[in-house]
Amino acid sequence: MTAPGPTFDVVDLIRVKRDGGRLPDAAIDWLISAYARGQVPDEQMAAFAMAVVWRGMAPDELSRWTAAMVASGRRLDLGGLGRPTVDKHSTGGVGDKVSLVLVPLVAACGAAVPQLSGRGLGHTGGTLDKMEAIPGWRATLPLGRMRDLLAEVGGVICAASDDLAPADRRLYALRDVTGTVESIPLIASSIMSKTIAEGTSALVLDVKVGSGAFMTDRSRARELARAMVGLGTAGGVRTVALLTAMDTPLGRTAGNALEVAEAVETLRGGGPADVRAVTVALAREMLALVGLDGCDPAAALDDGRAYDGWRRMVAAQDGDPDASLPVARHVETLTAPTGGLVRRVEARAVGVAAWQLGAGRGRQQDAVSAAAGVRLLAVEGDRVPAGAPLAELHADDPVRLARATRTLAAAFEIGAAPPVGSTGPDRVLERITSAEE
Ligand code: URA
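Structural notes, computed from the coordinates. (Residues numbered from 1 in each chain as written. Predicted model: local features only at pLDDT ≥ 70, side-chain atom pairs only at ≥ 80, totals over all residues. Heavy atoms only, no water.)

What about the overall build of the protein chain?
- Within the protein chain, the secondary structure is distributed over 16 helices and 13 strands.
- Computed over C-alpha atoms, the radius of gyration of the protein chain comes to 22 Å, within 12% of the 22 Å expected from 2.2 N^0.38 for 437 residues, which places it in the range of a compact globule.
- Once the C-alpha set of the protein chain is aligned to its principal axes, its extents read approximately 70 × 45 × 40 Å.
- Expressed as a percentage of the 437 residues in the protein chain, the buried residues total 54%. (Helix = DSSP H or I, 4+ residues; strand = E, 2+ residues; numbered from the N terminus. Rg over C-alpha atoms; globule rule 2.2 N^0.38 Å. Buried < 20%, exposed > 50% of the residue type's maximum accessible area, 1.4 Å probe, protein only.)

Observations concerning the side chain of Glu430
- With respect to the helices and strands, Glu430 occurs in strand S13 (residues 428-432).
- There is a polar contact of 2.9 Å between the side chain of Glu430 and the side chain of Arg218. (Polar contact = N/O pair within 3.5 Å; in protein donor to acceptor, adjacent residues only side chain to side chain.)

Description of the site of the ligand
- Contacts to the ligand come from Tyr172, Arg175, Ile187, Ser190, Ile191, Lys194 and Phe214.
- One of the side-chain N or O atoms of Arg175 is found 2.9 Å from an oxygen atom in the ligand.
- A distance of 2.6 Å separates a nitrogen atom of the ligand from a polar side-chain atom of Ser190.
- Within the complex, the protein chains bury 89% of what would otherwise be the 240 Å² of accessible surface of the ligand. (Near = heavy atom within 4 Å. Areas by Shrake-Rupley, 256 points an atom, 1.4 Å probe, with all protein chains shown as cover.)

Re helix H7 (residues 143-152)
- Inspection of H7 places Met146, Leu149 and Leu150 among the buried residues, and these make up the whole buried set. The buried residues of H7 occupy an angular sector of 100° when projected down its axis, which confines them to one face.
- Check the buried side of H7 and you find it contacts strand S2 (113-117), strand S3 (155-159) and helix H14 (305-316).
- In the segment just after H7, Gly154 is the residue with positive phi, at about 95°. (Arc of directions from axis to C-beta. Contact = heavy atoms within 4.5 Å.)

A short note on the sheet that holds strand S10 (residues 383-384)
- Read from one edge of the open sheet, three strands run S10-S8-S12, paired in antiparallel fashion. This sheet does not close on itself; its edge strands, each paired only once, are S10 and strand S12 (412-415).
- When strand S8 (residues 340-345) meets S12, the two strands line up antiparallel, connected through four bridges. Following the sheet pairing, Val342 is matched in S12 by Ile414. (Pairing = 2+ DSSP bridges.)

Looking at the pattern of salt bridges
- Summed over the entire model, instances satisfying the criterion amount to 29 salt bridges.
- Taking the shortest distance from any N to any O, the salt bridge between Arg344 and Glu413 comes out at 3.9 Å. You can see Arg344 sitting in strand S8 and its partner Glu413 sitting in strand S12, a full 69 residues away along the chain.
- Given a relative accessible area of 29%, Arg344 falls into the partly exposed group. (Salt bridge = Lys/Arg side-chain N within 4 Å of Asp/Glu carboxyl O.)

Observations regarding the packing of aromatic side chains
- Scanning all chains against the criterion turns up two aromatic pairs.
- Centre to centre, the rings of Phe8 and Trp30 are 5.9 Å apart; their planes meet at 50°, and the pair counts as tilted. With a gap of 22 residues between them, Phe8 in the segment before helix H1 (10-18) and Trp30 in helix H2 (residues 25-36) connect regions that are remote in the sequence.
- With a centroid separation of 5.6 Å and an interplanar angle of 20°, the aromatic rings of Phe48 and Trp65 are classed as stacked. With a gap of 17 residues between them, Phe48 in helix H3 (residues 42-55) and Trp65 in helix H4 (residues 59-71) connect regions that are remote in the sequence. (Phe/Tyr/Trp six-rings, centres within 6.5 Å; stacked < 30°, edge-to-face > 60°.)

As for unusual backbone geometry
- One non-glycine residue, Asp318, lies in positive phi territory at about 70°.
- Residue placement: Asp318 occurs in the loop between H14 and strand S7 (330-335).
- Judged by its relative accessible area of 44%, Asp318 falls in the partly exposed class.
- At Arg427, a position not held by glycine, the phi torsion is positive, near 60°.
- Position of Arg427 among the secondary structure elements: in the loop between S12 and S13.

Keep in mind these values describe shape, not function.
Okay, structure coming up:
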């Protein structure tokens, strides 16, 4: 099958972008469609992506590019559920277990939350990897069953099917191996094409900023958030973004089963203050977007409604909410080399240590260990004597412990002066809404 419309010379399109020009709409539609169908080779698309890294895209060009990525596959219709649809997407951070709490929480307030997730790559964990630590839980769901669960339970976390934005699937894999991930238009279109295709009517973006995030710089994070909010709005999805701090891990755990346990504590009204605060802030935004702001998410955590929703959600996908979570065969403790105040626990190093312990994957096809990860026993602002326990390292494979211990030791800065750059538990730095508001 050939791509629709006129056929373009890909070398001409690469030259236009290389020289800072704007592609005509018909050329964008053709390029994305032809690439998704395997009619444009990877080397040409890689050259085009590199030209975008250097030259960027005009706002209307980016909207068209994103719409073409959505049109490369199926766009789900989630109308008629009897509940308004709203989702959250995070750009990824260390210890970010928010989705596990947020999906049943917002569902308990009356919304339908279709969270179609992916698996993690590198030092930030993926939501599906975390959920798969629950014995029996299955990530794949036929569309009909997903709709039924959204109507009945209100929340679904499952794997996105291959026919949602297939052009992005191919392009993201290519960008990953050609040094072309770090481009605001390419990141924004990649994330938003998948989210628009999943069929939600409203969306809250959690754009993480800091050493453990994709965007280490606040002004770049703001630019990404603005681009994504613009694309969502243009695609008919009411979209708001929060910029949240990710210099230090969220909560006290990084690793699949360890994070599930912490999410469950939060669902039961406890858990770390920062996990609860970020979750409640995002829930308030989601509920406001769909007119359900009469529901107080903090109350739904405290009175058991969110936890009930979690149990139903897990059981609906064959998980056992009462089963014990996997436990690592080897646990070692990192201790403080000197006494003093914990001035910093650097997010990226904690994420890399968890990954080295087996919690994350280096390549898309690798398996992950459900039990591996890091539990922080001291966090920023704590005063510790020399020799005090700072963190536990959990691994199934003891060979992994030595390197991860060195990485984790470097994450801690202990000194006499108070913590540097601490943002407090709520972590919300900025709120970005569409320009028309
Ligand atoms: N996540 C995505 O889905 N795409 C990107 O380009 C970056 C992060």
